[in-house]
Amino acid sequence: RAWDPEGVYMATGRTADAGRVFRVPANVLRELTTAWFPFFGHLIAGLYGTAREVESNLLRRDALVTLGTLAAGLAHEINNPAAAATRAVAALEDACQTLLSSLRHIADDEISAGQFKGLDALRREIEPSTAIPDPLALAEAEEILSTWLIHHGVDRDWVIAPTLAAAGVDVAWCERAADVLGEAALEPALEWVASTLSVFTLLSEVAESTRRVSDIVGAVKSYSQMDRAAVQRFDVTDGLESTLVML
């Protein structure tokens, strides 16, 4: 038994007339089935409906599983830069407080305008490297700066030395700062320079973190075609990049 492309039921049998085919139109077969076996039609309809419902439930379940996986991945990817921005903002508040406090101490030491201009010129000479420093080299630089600061009467060397070392400041730069300021105002002046560098570093971290979150949100909007017209001009390269970000 088989169905031909025209929707006609064909029955063949091993009889003397094996070469002949008995053709019954589908609508006639349906009428005969309904007349002879009415329960069979309901059974087939029920099985068909149940199969479609099971298939639909499986599709919905797969979609929910995919959506859950996507949501978990997005939450993880957004949480990292968001947490980094939160930590940077918290540290930025402390850095600003230190910056204002060091400025007050500089004013208490009554340094001249020329000395402050010289200190600011030295500060602007500092160009922090964007490359990741070698931990051993950085630790050695911190130790050298800390020793120099202690010898010049700086009590908060453990706060100032790490920031200056991370920015690439060496002992020669500190010697020039001491020549400009003198021993009395050296500690608040170096603390002001270190807190200024910390503020710039933290601001760059906040900017990078928020940029990362914005890029992820933009990739989601592009990937899901959210807020887009039904017909639009689209760069395939951008679509592939967004898909790679989502994956």
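This text goes with the structure placed above it.
Residues numbered from 1 in each chain as written. Predicted model: local features only at pLDDT ≥ 70, side-chain atom pairs only at ≥ 80, totals over all residues. Heavy atoms only, no water.

Draft legend 1. Focus on the overall build of the protein. Within the protein one finds eight helices and three strands. Shown N-terminal to C-terminal, the secondary structure of the protein runs as helices and strands in the order β-β-β-α-α-α-α-α-α-α-α. Taking all 247 residues of the protein together, 24% fall into the buried category. For the protein, the share of sequence-separated contacts (at least 6 apart) that also reach a separation of at least 24 residues comes to 65%. For the protein, the accessible surface area stands at approximately 17,000 Å², while carbon and sulfur atoms represent 60% of it. (Helix = DSSP H or I, 4+ residues; strand = E, 2+ residues; numbered from the N terminus. Buried < 20%, exposed > 50% of the residue type's maximum accessible area, 1.4 Å probe, protein only. Contact = heavy atoms within 4.5 Å. Areas by Shrake-Rupley, 256 points an atom, 1.4 Å probe, with all protein chains shown as cover.)

Draft legend 2. Region of interest: a nonpolar patch on the surface. A cluster of nonpolar residues, Val 28, Leu 32, Trp 36, Phe 37, Phe 39, Phe 40, Leu 43, Ile 44 and Leu 47, forms a patch on the protein surface that exposes about 920 Å² of accessible area. Going through the elements one at a time, helix H1 (26–36) and helix H2 (38–108) are the ones with two or more residues in the nonpolar patch. Secondary-structure assignment places Phe 40 in helix H2. Among the residues examined, Phe 40 registers a relative accessible area of 41% and is labelled partly exposed. (Patch = residues over 30% accessible without salt bridge, like charges linked within 9 Å, V, L, I, M, F, W, Y side chains within 5 Å. Salt bridge = Lys/Arg side-chain N within 4 Å of Asp/Glu carboxyl O.)

Draft legend 3. The layout of surface pockets, seen in detail. Its boundaries defined by the atoms lining it, the largest pocket holds a volume of some 640 Å³. What lines the largest pocket is a set of 24 residues, and nearest its centre among them are Thr 163, Ala 166, Leu 197, Ser 198 and Thr 201. Listed by contribution, the elements that provide at least two residues to the lining of the largest pocket are H2, helix H5 (157–166) and helix H7 (186–224). With eight residues, H7 is the largest single contributor of residues to the lining of the largest pocket. Of the residues that constitute the lining of the largest pocket, the class distribution is 12 nonpolar, nine polar and three charged. What lines the second largest pocket is a set of 11 residues, among which Leu 29, Arg 30, Thr 33, Phe 40 and Gly 41 lie closest to the centre. Looking at the lining of the second largest pocket, the elements with two or more residues in it are H1 and H2. Among the residues making up the lining of the second largest pocket, the classes are represented as seven nonpolar, three polar and one charged. (1 Å grid on protein atoms, 1.4 Å probe; cavity = no way out; pocket = protein on both sides within 12 Å on 5 of 7 lines; lining within 4 Å. Points joined across faces, edges and corners; volume = space filled by probe spheres on them. Nonpolar A, V, L, I, M, F, W, Y, C, P; charged D, E, K, R; others polar.)

Draft legend 4. Examining the nonpolar core more closely. With 29 residues, the main nonpolar core has Leu 164, Trp 173, Leu 190 and Val 193 as its most contacted residues. Residue assignment for this core shows that the elements contributing at least two residues are H2, helix H3 (113–125), helix H4 (135–151), H5, helix H6 (171–181) and H7. No other element matches H7, which puts seven residues into this core. Leu 164 has contacts with Leu 145, Val 169, Val 193, Ala 194 and Leu 197, leaving out every residue within four places of it along the chain. With six residues, the next largest nonpolar core counts Leu 92, Ala 95, Val 199 and Val 206 among its residues. (Core = buried A, V, L, I, M, F, W, Y, C linked by side-chain atoms within 4.5 Å.)

Draft legend 5. Quick peek at the pattern of salt bridges. Enumeration over the complete set of coordinates arrives at eight salt bridges. With a closest N to O distance of 3.0 Å, Glu 125 and Arg 176 form a salt bridge. Pair noted here: Glu 125 is in helix H3 and Arg 176 is in helix H6, with a separation of 51 residues, a long-range link. Residue class for Arg 176 comes out partly exposed when judged on its relative accessible area of 39%. Here Arg 211 makes a salt bridge to Asp 215, at a shortest N to O gap of 2.3 Å. Residue Arg 211 and its partner Asp 215 are located together in helix H7, separated by four residues, close to a single helical turn. By relative accessible area, which is 40% here, Arg 211 ends up partly exposed. Overall, Asp 215 belongs to the partly exposed group, its relative accessible area being 35%.

Draft legend 6. Looking closely at H2. Between its first and last C-alpha atoms H2 spans 104 Å; for 71 residues at 1.5 Å apiece the expected length is 105 Å, and the two agree. If you look at H2, its biggest bend is around 25°, right at Asn 79, and the proline Pro 81 turns up within four residues after that. (Expected span 1.5 Å × (residues − 1). Bend = angle between axes of the 7 residues up to and from the residue.)

Draft legend 7. Region of interest: H4. Along its 17 residues, H4 runs 24 Å from first to last C-alpha, staying within 8% of the 24 Å computed at 1.5 Å per residue. When H4 is considered as a whole, its buried residues turn out to be Leu 145, Ser 146, Trp 148 and Leu 149. Each buried residue of H4 lies within a common arc of 165° when the element is viewed along its axis, so the set occupies one face. Exposed positions of H4 whose direction lies more than 90 degrees from the buried face are Leu 136, Glu 140, Glu 143 and His 151. Remark: Gly 153 follows H4 within two positions and exhibits a positive phi of approximately 80°. (Arc of directions from axis to C-beta.)

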